[in-house]
Amino acid sequence: MSETQTSPILVTGGTGTLGRHVLDRLRGTGLDVRVLSRHPHDPSEGIEYVTGDLATGDGIDAAVAGARVILHLAGSSKGDDDKARQLVAAATRAGSPHLVYVSVVGADRVPQDGRLDRAMFGYFGAKLAAERVVAESGLPWTTLRATQFHDLVLKVAEAMAKLPVIPVPSGMRFQPVDSGEVADRMVELALGAPAGLVPDLAGPKVYGMAELSRGYLQARGKRRLTLPVRMPGKAGRAYRAGENLTLEGAAVGTRTWEEFLAERVR
Ligand SMILES: NC(=O)c1ccc[n+]([C@@H]2O[C@H](COP(=O)([O-])OP(=O)(O)OC[C@H]3O[C@@H](n4cnc5c(N)ncnc54)[C@H](OP(=O)(O)O)[C@@H]3O)[C@@H](O)[C@H]2O)c1
């Protein structure tokens, strides 16, 4: 057996929404898979778990040891740039694995000029900074930017539906994509050669926020009043200009918000 066959693929964020789909797809390949999580997990179905925290660097050297590919999917609303720094530092100490990163469409186009922009849309700034850490790491790398997952839109719609009146940011549009389709692409990229920044992956349709919310309420058989609100700042303006969308040159998924809702909300 060659070294390539025995050295594992490390998946950070393997316990998350995207990560679980990625693990489903990797299970069938016969490759060794290791998952990094902040919480201990028993090994299951041939998957090994390593406990560590990318925010502090604890446990990361053990997680990356011997890995030939790192699928970096771990993320949160803040500090993804710091997580990327911790990962790259450990990966560089360990060797020269192919680092495959998932970022967000608009990372380079949603401004971070003022305090307001950073407070409301700082996620995009951190993703762009993380992309740069990956690209400048000296490691072989691949980065895919994806639009918002249907799962995230559902979470927001569920939370909003708890309010008697739903605030709807006017002029904001989204192009949600299926997280399973993003997982297909991430696995394809991880099994291929390092490719740098690859074309974005977006969902098949563009929706206004009110339309997404209405779709959810209809599926649940609920009614709510909506209240248009204006998102402030330069980042709000960029959103209204569609900078979070990818209309040209992108790969486009097939599963629509309506199809996702029909399956998930009964
Ligand atoms: N959701 C979207 O709409 C969307 C769109 C485009 C791109 N993305 C990107 O796709 C990636 C996955 O998103 P998701 O929605 O699947 O995420 P998720 O469901 O929120 O899961 C987050 C994952 O990150 C891990 N994680 C968080 N902080 C960590 C830390 N300090 N150290 C180690 N692991 C940590 C968590 O692992 P444990 O809790 O087990 O430690 C968990 O597996 C993220 O990078 C996100 O920015 C998401």
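What comes next concerns the included structure. In this text, all values refer to a predicted model and were calculated from it rather than measured experimentally.

1. Some details on the overall build of the chain
So, step 1. Of the regular secondary structure elements, the chain holds 10 helices and 13 strands.
So, step 2. The globule rule puts the C-alpha radius of gyration for 266 residues at 18 Å, and the 19 Å found for the chain is close to it.
So, step 3. With the C-alpha coordinates aligned to their principal axes, the bounding extent of the chain is approximately 60 × 40 × 35 Å.
So, step 4. The proportion of buried residues among the 266 residues of the chain is 47%.
So, step 5. Long-range pairs, those at least 24 residues apart, make up 79% of the contacts in the chain between residues at least 6 apart in sequence.
So, step 6. A distance of 9 Å separates the average location of the 33 positive side-chain charges in the chain from that of its 30 negative side-chain charges.

2. Quick look at the pairing of strand β4 (residues 69–72)
So, step 1. Every second residue of β4 is oriented toward a common face, with Val 69 and Leu 71 on one face and Ile 70 and His 72 on the other, all of them buried.
So, step 2. Pairing of strand β1 (residues 9–12) with β4, which is carried by 4 bridges, proceeds in the parallel orientation. Within β4, the position partnered with Leu 10 by the bridge is Ile 70.
So, step 3. The pairing of β4 with strand β5 (residues 98–104) spans 4 bridges and is classified as parallel. Bridge pairing in β5 links Val 69 to His 98.
So, step 4. Read from β4 through helix α4 (residues 80–94) to β5, the crossover connection turns out right-handed.

3. Remarks on the pattern of salt bridges
So, step 1. Within this structure, the stated rule accounts for 19 salt bridges.
So, step 2. Taking the shortest distance from any N to any O, the salt bridge between Lys 127 and Asp 80 comes out at 3.0 Å. With Lys 127 in helix α5 (residues 115–135) and Asp 80 in helix α4, this residue pair connects regions lying 47 residues apart in the sequence. Each of the two residues, Lys 127 as well as Asp 80, counts as buried.
So, step 3. Between Arg 185 and Glu 188 there is a salt bridge whose closest N-O contact spans 2.9 Å. Here Arg 185 and its partner Glu 188 are both found in helix α7 (residues 179–191), 3 residues apart, which amounts to about one turn of the helix.
So, step 4. Overall, Arg 185 belongs to the partly exposed group, its relative accessible area being 23%.
So, step 5. Each of Asp 108, Arg 109, Glu 131, Arg 145 and Glu 243 takes part in salt bridges that share partners, so that together they form one network.

Basis of the calculations
- Residues numbered from 1 in each chain as written.
- Predicted model: local features only at pLDDT ≥ 70, side-chain atom pairs only at ≥ 80, totals over all residues.
- Heavy atoms only, no water.
- Helix = DSSP H or I, 4+ residues; strand = E, 2+ residues; numbered from the N terminus.
- Rg over C-alpha atoms; globule rule 2.2 N^0.38 Å.
- Buried < 20%, exposed > 50% of the residue type's maximum accessible area, 1.4 Å probe, protein only.
- Contact = heavy atoms within 4.5 Å.
- Lys, Arg positive; Asp, Glu negative; His and termini not counted.
- Charge placed at Lys NZ, Arg CZ, Asp CG, Glu CD.
- Pairing = 2+ DSSP bridges.
- Right-handed = clockwise from strand over helix to strand, strands pointing away.
- Salt bridge = Lys/Arg side-chain N within 4 Å of Asp/Glu carboxyl O.

Function cannot be inferred from these measures alone, as they are strictly geometric.
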